[in-house]
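Single-letter residue listing:
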Amino acid sequence: MSRAMGSVSRNIVVVAATAVFLAAVTAAALMLGASSVSLPELATWLFGGDVSATARNILENVRVPRVLAALLAGAALAASGALIQACLDNPLASPNVIGVNSGAGLFVLLAASLVPGALWLTPLAAFAGALATALIIFALSLGTGLSRLTVVLAGIAITTVFGAGMNTILIVDPDAYIGSSTFLVGGLSGVLMRDLAWPAAYIAVGLAAALAGAAKLNILSLGDEAAHSLGVNVRAVRLVMLAVAAVLAGAAVSFAGLVGFVGLVVPHLMRFFVGHDNRWVVPASTLAGAAFVVGCDLLARVLFAPYELPVGILLAFIGGPFFIYLILKNKGGGLD
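Participant: Mind laying out the environment of Ala 17, listing which residues take part and the relevant values?
Facilitator: Position of Ala 17 among the secondary structure elements: in helix H1 (residues 2-31). For the pair formed by Ala 17 and Ala 284, sequence separation is 267 residues and the distance between their alpha carbons is 10.0 Å.

Participant: Report on the pattern of salt bridges, specifying residues and quantitative values.
Facilitator: According to the stated counting rule, one finds five salt bridges in the structure shown. Across the pair Asp 277 and Arg 279 runs a salt bridge whose closest N-O atoms are separated by 2.8 Å. Residues joined by salt bridges that share partners form a network here, namely Arg 66, Asp 297, Arg 301 and Glu 308.

Participant: Would you mind going over a nonpolar patch on the surface in detail, with residue names and values included?
Facilitator: Among the surface-exposed residues, Leu 32, Leu 299, Val 302, Leu 303, Phe 304 and Tyr 307 lie close enough to one another that they form a single nonpolar patch of about 600 Å² accessible area. With respect to the secondary-structure elements, Val 302 resides in helix H12 (residues 278-302). Under the relative-accessibility criterion, Val 302 is labelled partly exposed at 34%.

Participant: Can you explain the packing of helix H4 (residues 100-114) against helix H10 (residues 234-256)? Please cite residues and give values.
Facilitator: In helix packing, the relevant descriptors are the interaxial angle and the interaxial distance, both defined with respect to the helix axes. Two numbers describe how H4 lies on H10: the axes approach to 9 Å, and their chain directions differ by 50 degrees. The angle between H4 and H10 places the two elements in the oblique class. When the axes of H4 and H10 are compared, the crossing they make is right-handed. Contacts between H4 and H10 involve Val 100, Asn 101, Ala 104, Gly 105 and Val 108 from the former and Ala 249, Gly 250, Val 253 and Ser 254 from the latter.

Participant: Describe helix H8 (residues 193-220), naming the residues involved and giving the relevant values.
Facilitator: When the terminal C-alpha atoms of H8 are compared, their 39 Å separation across 28 residues agrees well with the 40 Å that a helix rising 1.5 Å per residue should span. At Ala 214, H8 shows its largest kink, close to 45 degrees. Looking only at H8, the buried set comprises Leu 196, Pro 199, Ile 203, Gly 206, Leu 207, Ala 210, Gly 213, Ala 214, Leu 217, Asn 218 and Leu 220.

Participant: How would you explain unusual backbone geometry if you had to name every residue and give the values?
Facilitator: The bulk of non-glycine residues show a negative phi, and the bulk of peptide bonds are trans. Phi is positive for Asp 89, close to 50 degrees, though the residue is something other than glycine. With respect to the helices and strands, the residue Asp 89 is situated in the loop between helix H3 (53-88) and H4. Taking the relative accessible area as the measure of exposure, Asp 89 reaches 51% and is therefore exposed. Its identity is not glycine, yet Phe 261 carries a phi of approximately 75 degrees, on the positive side. Look at Phe 261 and you get buried, because its relative accessible area is 17%.

Definitions and cut-offs
Residues numbered from 1 in each chain as written. Predicted model: local features only at pLDDT ≥ 70, side-chain atom pairs only at ≥ 80, totals over all residues. Heavy atoms only, no water. Helix = DSSP H or I, 4+ residues; strand = E, 2+ residues; numbered from the N terminus. Salt bridge = Lys/Arg side-chain N within 4 Å of Asp/Glu carboxyl O. Patch = residues over 30% accessible without salt bridge, like charges linked within 9 Å, V, L, I, M, F, W, Y side chains within 5 Å. Areas by Shrake-Rupley, 256 points an atom, 1.4 Å probe, with all protein chains shown as cover. Buried < 20%, exposed > 50% of the residue type's maximum accessible area, 1.4 Å probe, protein only. Axes fitted to C-alpha atoms, helices over the stretch in contact; angles between N-to-C directions. Parallel < 35°, antiparallel > 145°, perpendicular 65-115°, else oblique. Left-handed = near helix turned anticlockwise from the far one by under 90°. Contact = heavy atoms within 4.5 Å. Expected span 1.5 Å × (residues − 1). Bend = angle between axes of the 7 residues up to and from the residue.

And the structure:
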């Protein structure tokens, strides 16, 4: 009992510290950039006071949309990765690794080409593509008895095919998506508040569903037979949670592009701190994912100023070596 209470206390501290770090990095992202805003100006603006026209313009038209986009994308992708890893019982699974992001991206470009200007359609198309890919991967992992590493390799193959599809659309219809080069690597420059309205609604619903279903994912970790004996419909839970993961990943891709590795790195990091209880992993990953993407986007803006990197490039530099580390760590049976 005392050990369990100690674990809960530790996890509360971890989540609280993550929330504080998220607030700090968000404030830094709002202040820093090509044109800086001071902390007093930021505080005054937040509480509705008068600030200079320049500071107000920077905050309202540039920083707030971009930081909000980073918060939403990071939270959604990290939570999606935590759900996918739990559903597939696969430490290497994440939205970009198994092709969910690419599926969403392909459907976004298809929608942009076939129905240009329909902003409300973009997150729906992204969800459809993400869900279709998640279901393909689920069918492969369930019906063919493939090893966990083979499922990942299948996801990489699907990503390659979908990537070819996206490039084909952009060659045939170059005007299908303005800023397509940034979309393909993942970036947040030029995001407007109007671009975030629909995706934010989907992400809010998806996060609520993820938090509500976290306890069921814990039961799945006991094994299919044990879960069945406890009255859990294993296949239904996995399908529903994968659909929720698809909602989250698809919504993020609809405005942030093919941002990768957030859903791989962040859940692993948070499991190190809070353990494997998904009731803690999901909320901790949500907060840490938001902080991770906001921080990386800030670094991408200031490291090479006056030049700016799309945040997806920086995330690839971080996530690629981490992916290799996980492969080596699980070598020798861990991925069978």
